[in-house]
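Working through the structure, step by step
Here is how the chains run, residue by residue.
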Amino acid sequence: LASNLVSIYRDVRTSGDKVLGAQWYPAARTIVNEWARHYDTPAQTVACVIAALSPQNEWSRNLIQADDILAGRPVSIGGIRTNIDKAQRILSDRAETTFPYFPQGPKVASFSLNLAGNDTAVTVDTHAMQAALNDVQANVRLAWTPYLCFASAYELAAKRVDRPAAEFQAIIWHVWKRLY
C-alpha cells in the first residue's frame, strides 16, 4: 500500500496537486480558527462539527452546514440528517472528540484531528483507500482495523517522501480526485 502511494506521489506531473495538497489543511484550519473566535467555541469543537458533517458531503456544502450549525441557524442546505443531528449535539456538548458520536467512524475522528491542527493523524476516505490500493473501483468498508492499516500505509509513505502524514494524504487525495 505504501509503495502504491509513493508511486502516485512521484508520478505527479503537475506541481498544482502538491501545492493544493500542501495548502489544504492550513486553509481549512484558518476557517476552523476564525469560526472558533467568531462563535466563541473551542477550535477542537468547531473541527468536530465540520468533521461530523463530512461523510458523503462535498466540502463547500460541509462548510455551509457547519456555519449554520455554529451560528444556531437551521441548516440551509440538505445533508445526512443523522450527521447534522450529531454535529448539533457536538456543538451543544462543546465536545472535543467525535468518538462518542461516531464510535465506528475512524475517518470522522481523524478528520477532526487534522482540522484542529494534528498533522500526524491520517484521514482515510474512499478516495484515499482507492489510491492506496491503486484501484479506482475498490470498495473496502473502512471499519477500524482496515482503516488503521491504510492510515499506517500513509504514515509510512509520508516518511519515505519526507512530508507530514496529513499533508501527504491531502496531496494524494488531490491527485486521485483529479485523475478519477
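Anything mentioned here points back to the structure above.
This write-up is about the structure you can find in this document.

Procedures and definitions
- Residues numbered from 1 in each chain as written.
- Predicted model: local features only at pLDDT ≥ 70, side-chain atom pairs only at ≥ 80, totals over all residues.
- Heavy atoms only, no water.
- Buried < 20%, exposed > 50% of the residue type's maximum accessible area, 1.4 Å probe, protein only.
- Helix = DSSP H or I, 4+ residues; strand = E, 2+ residues; numbered from the N terminus.
- Expected span 1.5 Å × (residues − 1).
- Arc of directions from axis to C-beta.
- Contact = heavy atoms within 4.5 Å.
- Phe/Tyr/Trp six-rings, centres within 6.5 Å; stacked < 30°, edge-to-face > 60°.
- Lys NZ or Arg CZ within 6 Å of the ring centre and 35° of its normal.
- 1 Å grid on protein atoms, 1.4 Å probe; cavity = no way out; pocket = protein on both sides within 12 Å on 5 of 7 lines; lining within 4 Å.
- Points joined across faces, edges and corners; volume = space filled by probe spheres on them.
- Nonpolar A, V, L, I, M, F, W, Y, C, P; charged D, E, K, R; others polar.

1. A short note on unusual backbone geometry
With a phi angle near 55°, Gln56 is a residue other than glycine that sits in the positive phi range. For Gln56, a relative accessible area of 80% puts it in the exposed group. For Asp162, which is not a glycine, the phi torsion comes out positive at approximately 60°. Of note, Asp162 is situated in the loop between helix H8 (144–160) and helix H9 (165–179).

2. Some thoughts on H8
The end-to-end C-alpha distance of H8 is 24 Å, a good match for the 24 Å that 17 residues give at a rise of 1.5 Å each. Within H8, the full set of buried residues consists of Tyr147, Phe150, Ala151, Ala153, Tyr154, Ala157 and Ala158. Along the axis of H8, the buried positions cluster into a sector of 155°, meaning they face one direction only. Across H8 from its buried face, at more than 90 degrees, point the exposed residues Thr145 and Lys159. Taken together, the buried residues of H8 touch helix H1 (2–10), helix H6 (106–115), helix H7 (126–133) and H9. Where H8 terminates, the next one or two residues include Asp162, which has phi positive at roughly 60°.

3. A closer look at the environment of Tyr154
Considering the arrangement of structural elements, one finds Tyr154 in helix H8. In this structure, the C-alpha to C-alpha distance between Tyr154 and Pro164, residues 10 residues apart in sequence, is 9.9 Å. In this structure, Tyr154 is in contact with Leu5, Val122, Val124, Ala128, Ala131, Ala132, Phe168, Gln169 and Ile172, ignoring residues within four places of it in sequence.

4. Digging into the packing of aromatic side chains
Scanning the model with the defined rule gives 10 aromatic pairs in all. Between Trp24 and Tyr25, the ring centres sit 5.0 Å apart and the planes meet at 85°, which makes this aromatic pair edge-to-face. With relative accessibility at 4%, the residue Tyr25 sits in the buried group. Through a chain of ring-to-ring contacts, the aromatic side chains of Trp24, Tyr25, Trp59 and Phe111 assemble into a single cluster. Across from the ring centre of Tyr9, 4.3 Å away, lies the NZ or CZ of Lys18, which sits over that ring. A cation sits over an aromatic face here: Lys86 above Phe102, 4.3 Å from the ring centre.

5. Comments concerning the layout of surface pockets
A water-sized probe rolled over the atoms picks out the places where empty space is left. When its volume is computed, the largest pocket comes out at roughly 1,000 Å³. In this structure, the largest pocket is lined by 36 residues; those nearest its centre are Ser54, Pro55, Gln56, Lys107 and Asp125. When contributions to the lining of the largest pocket are tallied by element, the ones reaching two or more residues are helix H2 (15–38), helix H4 (59–71), helix H5 (81–93), H6, H7 and H9. A total of 5 residues in the lining of the largest pocket trace back to one element, the largest contributor, which is H9. Grouping the amino acids of the lining of the largest pocket by side-chain chemistry returns 17 nonpolar, 13 polar and 6 charged. Estimated volume of the second largest pocket: approximately 170 Å³. Lining of the second largest pocket is provided by Asn4, Ser7, Ile8, Asp11, Val12, Arg13, Asn134, Val175, Trp176, Arg178, Leu179 and Tyr180. Counting residues per element, the lining of the second largest pocket draws most heavily on H9, at 4 residues. Considering only residue class, the lining of the second largest pocket consists of 6 nonpolar, 3 polar and 3 charged.

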